[in-house]
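Listed below, chain by chain, are the residues.
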Amino acid sequence: MDYNKQTFDHVIRQSIKKFKTGDVAEETFKLISEDGREVKYTPEYFDELEKELLSNKEKEDKKESKKSKNKKKEMSDGGTAMAIAGANSISAAGEGYAKAYKDAAENTDKSKFVTPEPPRRR
């Protein structure tokens, strides 16, 4: 394996790193201008774009902070809803048990549990 040869990915990474630092080959500009085209995405373009995006974000952050200051802090309904759902499920289970005992008491043949003699005491 020849380590002196650079892969395409490696060259692209180097090119991007140079571009980010503002180092753009003058030959690139010459070749593009000879074809009659214009270089739109220059390091200066991206610097201006970054400033614009950051200023917009700062404005939005200020608006959000003003809204949050004016807005009363309220507890989330998530915990309350879960507590209510839990209570309802426990209540439903209790009702189910009560109904089962009631049905069992009504449908049980009590004659099987009655003896003619009084219970013995020991």
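The following refers to the structure shown. (Residues numbered from 1 in each chain as written. Predicted model: local features only at pLDDT ≥ 70, side-chain atom pairs only at ≥ 80, totals over all residues. Heavy atoms only, no water.)

### A short note on helix α2 (residues 26-34)
Move 1: When you tally the buried positions in α2, you get zero out of nine residues, a small fraction of the element.
Move 2: Looking one or two residues beyond α2, the residue adopting positive phi is G36, at roughly 85°. (Buried < 20%, exposed > 50% of the residue type's maximum accessible area, 1.4 Å probe, protein only. Helix = DSSP H or I, 4+ residues; strand = E, 2+ residues; numbered from the N terminus.)

### Topic: a negative patch on the surface
Move 1: Where like charges cluster on the molecular surface, the negative patch consists of E44, D47, E48, E50 and E52.
Move 2: As for its position among the elements, E44 is in helix α3 (residues 43-70). (Patch = residues over 30% accessible without salt bridge, like charges linked within 9 Å, V, L, I, M, F, W, Y side chains within 5 Å. Areas by Shrake-Rupley, 256 points an atom, 1.4 Å probe, with all protein chains shown as cover. Salt bridge = Lys/Arg side-chain N within 4 Å of Asp/Glu carboxyl O. Lys, Arg positive; Asp, Glu negative; His and termini not counted. Charge placed at Lys NZ, Arg CZ, Asp CG, Glu CD.)

### Some points on the layout of surface pockets
Move 1: Estimated volume of the largest pocket: approximately 260 Å³.
Move 2: In terms of lining residues, the largest pocket is bounded by 14 residues, among which S15, F19, V24, A25 and T28 are the most central.
Move 3: For the lining of the largest pocket, the secondary structure elements donating two or more residues are α1 (8-21) and α2.
Move 4: Ranked by residue count, the leading element in the lining of the largest pocket is α1, at six residues.
Move 5: Classifying every residue of the lining of the largest pocket by side-chain character gives nine nonpolar, three polar and two charged. (1 Å grid on protein atoms, 1.4 Å probe; cavity = no way out; pocket = protein on both sides within 12 Å on 5 of 7 lines; lining within 4 Å. Points joined across faces, edges and corners; volume = space filled by probe spheres on them. Nonpolar A, V, L, I, M, F, W, Y, C, P; charged D, E, K, R; others polar.)

### Quick notes on a nonpolar patch on the surface
Move 1: A surface patch of nonpolar side chains, about 310 Å² in accessible area, is lined by F8, I12 and I16.
Move 2: Its location among the elements puts F8 in helix α1.
Move 3: In this structure F8 comes out as exposed when scored by relative accessible area, which is 64%.

### Let's talk about the pattern of salt bridges
Move 1: For the structure on display, the rule yields three salt bridges.
Move 2: When the shortest N-O distance is used, the salt bridge between K99 and D103 registers 4.0 Å. Placement of the pair is K99 and D103 together in helix α4 (residues 77-107), with a separation of four residues, close to one helical turn.
Move 3: Exposure remark for K99: the relative accessible area of 55% places this residue in the exposed category.
Move 4: Judged by its relative accessible area of 30%, D103 falls in the partly exposed class.

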